[in-house]
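What follows is the residue order along each chain.
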Amino acid sequence: MKLDDSFDLVALRPIVWDYFLDVEKLVRCIPGVESVEQVDDTHYKGTLVVQLGPVKPKFVGDVTIDEKVAPKRMTGSFQAKDRGASSSISAKFVFDLIEKEPNLTTAHYDCDLVIRGRMAAFGASVIAETAKQLAAAFAAALQEELNAAQAPELVGAQVATVTPGVSRADAAPRPKVSLVAIFFESVWTVITDKLARLFHRKAADTRG
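The model shown is predicted, which means the values in this text are computed figures rather than measured ones.

**Quick notes on the pairing of strand 2 (residues 33–38)**
For step 1, the next point in the chain: Relative to strand 3 (residues 43–49), strand 2 runs antiparallel, the two sharing five bridges. Within strand 3, the position partnered with Q38 by the bridge is Y44.
For step 2, the next point in the chain: Between strand 2 and strand 3, which pair antiparallel one after the other, the connecting turn spans four residues.

And the structure:
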């Protein structure tokens, strides 16, 4: 499955690049992280736990960085498994940072995603829509972190460009968002919707 999208960040490109290389800062955007270990300059291991209704999946994964061209491009791969749900995710990705303006950076990602196990039962359209939600949530959380690392006047100069019609007050800090939680929330919504329709159909047949 192909995922290809981009989002803008109000920040100098070198700052965004350095942020992506700093695991401790990056994981602050993702509540639910249980552990992160940097094996070496190109390998990372991590565990993330998410509450989903009555269950609590635990994903254990590895990330490998194949190439880094500072501050422009990063390529690599990742894989993660949840034994409880008998599912796995793997992908190869290309991540580009494009200097749109001196203080406005476009982050573009191109990802070939493979899903196996129970999660593979969900359609490509559901996964693609979820990926867009994840990117939007990640961009929002990341922007808050970047704002704290930059001079206020630099951030304020570009807010209107990235979020048309949004005042600086409206763009104030928002709650951190769990990307994995959003994914499972979307999946859970699809399941409950299908069950509701099934029960409704059976009830109608019984009345008929």
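Additional details are given in the paragraphs that follow.
**Section: the environment of S77**
For step 1, the next point in the chain: Structurally, the position occupied by S77 is in strand 5 (residues 73–82).
For step 2, the next point in the chain: In sequence terms S77 and F93 are 16 residues apart; their C-alpha atoms lie 5.9 Å from each other.

**Focus: the pattern of salt bridges**
For step 1, the next point in the chain: What the rule picks out here adds up to five salt bridges.
For step 2, the next point in the chain: The salt bridge involving D112 is made with K2; its shortest N-O contact spans 3.5 Å. On the criterion of sequence distance, the pair formed by D112 in strand 7 (residues 104–117) and K2 in strand 1 (residues 2–9) is long-range, its members being 110 residues apart.
For step 3, the next point in the chain: Looking at D112, the relative accessible area reads 41%, which means it is partly exposed.
For step 4, the next point in the chain: Of the charged contacts in the structure, one is a salt bridge between R73 and D96, with a shortest N-O distance of 2.7 Å. Residue R73 is found in strand 5, and its partner D96 is found in strand 6 (residues 87–101); the two are separated by 23 residues along the sequence.

**A short note on the nonpolar core**
For step 1, the next point in the chain: Membership of the largest hydrophobic core comes to 31 residues, with the highest contact counts inside it found for F7, V16, F20, F95, L142 and L146.
For step 2, the next point in the chain: Contributions of two or more residues to this core are made by strand 1, helix 1 (13–21), strand 4 (58–69), strand 6, strand 7 and helix 3 (124–149).
For step 3, the next point in the chain: For this core, the leading source of residues is helix 3, giving seven residues.

**Some points on the confidence of the model for the chain**
For step 1, the next point in the chain: Looking at the chain as a whole, its pLDDT mean stands at 75, while 66% of the residues score no less than 70.
For step 2, the next point in the chain: The weakest mean pLDDT in the chain belongs to helix 5 (residues 159–162) at 46; the strongest belongs to strand 5 at 94.
For step 3, the next point in the chain: Segment residues 163–184 is flagged for pLDDT under 50; beyond a separation of four residues in sequence, or across chains, it makes 40 contacts in the model.

**Comments concerning the pairing of strand 4**
For step 1, the next point in the chain: Bridge count for strand 3 against strand 4 is seven bridges, and the pairing is antiparallel. Note on strand 4: the bridge partner recorded for V49 is K58.
For step 2, the next point in the chain: The loop that links strand 4 with its antiparallel partner strand 5 comprises three residues.

About the criteria used
Residues numbered from 1 in each chain as written. Predicted model: local features only at pLDDT ≥ 70, side-chain atom pairs only at ≥ 80, totals over all residues. Heavy atoms only, no water. Pairing = 2+ DSSP bridges. Helix = DSSP H or I, 4+ residues; strand = E, 2+ residues; numbered from the N terminus. Salt bridge = Lys/Arg side-chain N within 4 Å of Asp/Glu carboxyl O. Buried < 20%, exposed > 50% of the residue type's maximum accessible area, 1.4 Å probe, protein only. Core = buried A, V, L, I, M, F, W, Y, C linked by side-chain atoms within 4.5 Å. pLDDT = per-residue confidence, 0-100. Contact = heavy atoms within 4.5 Å.

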